[in-house]
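Below, each chain spelled out in residue letters.
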Amino acid sequence: MYTQAMDLINKNDNDHADAPDPVREQAFEARIAAGEFIEAKDWMPGHYRKTLIRQISQHAHSEIVGMLPESNWISRAPTLKRKAILLAKVQDEGGHGLYLYAAAETLDISRDQMIEALHNGRAKYSSIFNYPTLTWADMGVIGWLVDGAAIMNQVPICRCSYAPYARAMIRICREESFHQRQGYEALLTMMQGGTAAQKAMVQDAVNRWWWPSLMMFGPPDSESPNSAQSMRWGIKRVSNDDLRQKFVDATVPQAEILGITLPDPLLHWNAQRAHYDFGPIQWDEFWRVVNGNGPCNHERLKMRVDAWESGAWVRDAALAYAKQKTPQTTAQT
Ligand code: BYC
């Protein structure tokens, strides 16, 4: 069984973790420098713990909010096969959210606290999920570009210095890889055997998702306030700009095979750098979306809050049932 529960925080050890402790801090930094993994029961500086809670909980929220744009298309999938694949993918994303909430809980924060932070706007989730899914081709493009960007970003996190997060990411990345491939295969089917209208639908979806996918990697390194410390601590292993470049380099040849045009007139191979150059990203748009003013921010958050409120009776019933069951179980063991 997959669990994070074996590594519970040693409360006494971490109660005062946020207070400066130069001796322990030095030992911690030495462990990080030696490439050791940190477990939940180990001492860690307060800032390391807070940075992890911020990143892991935002990652978990992204998975859960990320279910919404795709679930919109489950009932409209063109074939039974595509419907089964999409259902499985959306279900996987729910699972990813749960692994990640469980990983964050090892840092002494409750799931209710994290959900509350999402609902009141204190916690972020990925900018990409604030764009609408207008056609069936969006399902293929989300798999190809959005999950493709997610894998590029998440594979290095499998080596994150915080072991419970790293372990969760190993399983998530395996599933993300299937997500990316099913998206690419759906697009290939439309581009190779589809009608002119279907091909135009794919091109339109690529035009709308390309730039927001590049924004997923976060602001440029020079404007990323968290990167330097997160890289030093091995929470992030590769910088925002380097991951973005790797993604562009990997994606351009795939676009050529698909026969679509990426919507960037400045995109070209730079032999000197041995990388693709690409045009400027509209960072104003990125910050607008991150700060709550994208096309679907309001709708996405409302759906999450409504689902939480209308599901309250299920949580209450499950808790009441568990309470009723507990003495009986204890008596039997
Ligand atoms: N959207 O200093 P920076 C998925 C925020 S799940 C919104 O570079 P950091 C998928 C950032 O949080 C995709 N906000 O931050 C799911 C920070 O604000 P705070 C999610 C963003 O943490 C279902 C501020 O901007 N993946 O792909 O060093 C289906 C400054 O940024 C974004 C993860 O969460 C953004 N795009 O680096 C399909 C992976 N970018 O927190 C697919 C794990 C930046 O200081 N997370 N911000 O208020 C990471 O790798 C890093 O957190 C990031 C940002 C690269 C995202």
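Residues numbered from 1 in each chain as written. Predicted model: local features only at pLDDT ≥ 70, side-chain atom pairs only at ≥ 80, totals over all residues. Heavy atoms only, no water.

Enquirer: So what's going on with the site of the ligand? Residues and values would help.
Expert: Residues in close proximity to the ligand total 32 residues, the closest being Arg54, Lys124, Ser127, Ser224 and Lys236. Between Ser224 and the ligand, the recorded distance is 2.7 Å, taken from a side-chain N or O atom to an oxygen atom. Within the side chain of Lys236, a nitrogen or oxygen atom sits 2.7 Å from an oxygen atom of the ligand. If the ligand stood free it would expose 1000 Å²; the protein chains cover 91% of that surface. Only α3 (46–71), α6 (137–154) and α11 (283–293) provide two or more residues apiece to the shell around the ligand. In terms of residues, the shell around the ligand owes the most to one element, α3, which gives 6 residues. Residue composition of the shell around the ligand, grouped by class: 14 nonpolar, 12 polar and 6 charged. (Near = heavy atom within 4 Å. Polar contact = N/O pair within 3.5 Å; in protein donor to acceptor, adjacent residues only side chain to side chain. Areas by Shrake-Rupley, 256 points an atom, 1.4 Å probe, with all protein chains shown as cover. Helix = DSSP H or I, 4+ residues; strand = E, 2+ residues; numbered from the N terminus. Nonpolar A, V, L, I, M, F, W, Y, C, P; charged D, E, K, R; others polar.)

Enquirer: Pulling in residues and values, what's your account of the packing of helix α4 (residues 80–105) against α6?
Expert: At a closest axis distance of 12 Å, the pairing of α4 and α6 adopts a crossing angle of 40 degrees. By the angle between their axes, α4 is oblique relative to α6. Along this stretch, α4 crosses α6, giving a crossing that reads as left-handed. Contacts from Leu86, Lys89 and Glu93 of α4 reach α6 at Met139, Ile142, Gly143 and Asp147. Split by residue class, the contact of α4 with α6 holds 3 nonpolar, 1 polar and 3 charged. (Axes fitted to C-alpha atoms, helices over the stretch in contact; angles between N-to-C directions. Parallel < 35°, antiparallel > 145°, perpendicular 65-115°, else oblique. Left-handed = near helix turned anticlockwise from the far one by under 90°. Contact = heavy atoms within 4.5 Å.)

Enquirer: If you had to explain the confidence of the model for the chain to someone new, which residues and values would you point to?
Expert: Here the chain averages 93 in pLDDT, while 93% of its residues score no lower than 70. Taken as a whole, residues 1–16 scores under 50 in pLDDT and shows 30 contacts with residues more than four places along the chain or in a different chain. (pLDDT = per-residue confidence, 0-100.)

Enquirer: I'd like a rundown of α6, residues and numbers included.
Expert: With 18 residues, α6 ought to run about 26 Å at 1.5 Å a step, and its terminal C-alpha atoms sit 24 Å apart, in line with that. Most of α6 is tucked away: 17 of the 18 residues are buried. (Expected span 1.5 Å × (residues − 1). Buried < 20%, exposed > 50% of the residue type's maximum accessible area, 1.4 Å probe, protein only.)

Enquirer: Let's hear about the pattern of salt bridges: which residues, and what values?
Expert: Per the counting criterion, the structure on display carries 15 salt bridges. In this structure, the salt-bridge partner of Glu185 is Arg82, at a minimum N-O distance of 2.9 Å. Linking Glu185 in helix α7 (residues 163–193) with Arg82 in helix α4, this pair joins segments that are 103 residues apart in sequence. Residue classification places Glu185 among the partly exposed residues on the basis of a relative accessible area of 34%. Its relative accessible area of 12% is what places Arg82 among the buried residues. Within the structure, one salt-bridge network assembled from shared partners comprises Glu70, Lys89, Glu93 and Asp147. (Salt bridge = Lys/Arg side-chain N within 4 Å of Asp/Glu carboxyl O.)

Enquirer: Which residues make up the side chain of Ser230, and what values go with them?
Expert: Inspection of the secondary structure puts Ser230 in helix α9 (residues 227–232). Using a relative accessible area of 1% as the deciding quantity, one classes Ser230 as buried. Ignoring anything within four residues of it in the chain, the contact list for Ser230 reads Thr51, Arg54, Ile235 and Lys236.

Enquirer: Account for the environment of Trp233, naming residues and giving values.
Expert: Locating Trp233 in the fold gives a position in the loop between α9 and α10 (240–258). Each C-alpha atom, one on Trp233 and one on Gln198, is 47 Å from the other, the two residues being 35 residues apart in sequence. Other than its neighbours up to four places away in sequence, Trp233 contacts Phe28, Glu29, Ile32, His47, Tyr48, Thr51 and Ser161.

Enquirer: Before we move on, could you go through the packing of aromatic side chains and cite the residues and values that matter?
Expert: If you walk through the whole model with that rule in mind, you get 11 aromatic pairs. Measuring from ring centre to ring centre gives 6.0 Å for Trp144 and Tyr184, while their planes differ by 55 degrees; the resulting arrangement is tilted. Here the residue Trp144 occupies a position in helix α6, and Tyr184 occupies one in helix α7, the gap between them amounting to 40 residues. Among the aromatic residues, ring-to-ring pairing joins Phe28, Trp43, Tyr48 and Trp233 into one connected group. (Phe/Tyr/Trp six-rings, centres within 6.5 Å; stacked < 30°, edge-to-face > 60°.)

Enquirer: Just give me the short version of α10, but keep the residues and values in it.
Expert: The terminal C-alpha atoms of α10, which comprises 19 residues, lie 27 Å apart, in line with the 27 Å expected from a rise of 1.5 Å per residue. Residue Thr251 marks the point of greatest curvature in α10, where the axis turns by about 25 degrees; the proline Pro253 follows within four residues. Among the residues of α10, those classed as buried are Asn240, Leu243, Arg244, Gln245, Phe247, Val248, Asp249, Thr251, Val252, Ala255 and Leu258. On its buried face, α10 is in contact with α6, α7, α8 (196–215), α9, β2 (275–277) and α11. Positive backbone phi, approximately 85 degrees, marks Gly259, located one or two places after α10. (Bend = angle between axes of the 7 residues up to and from the residue.)

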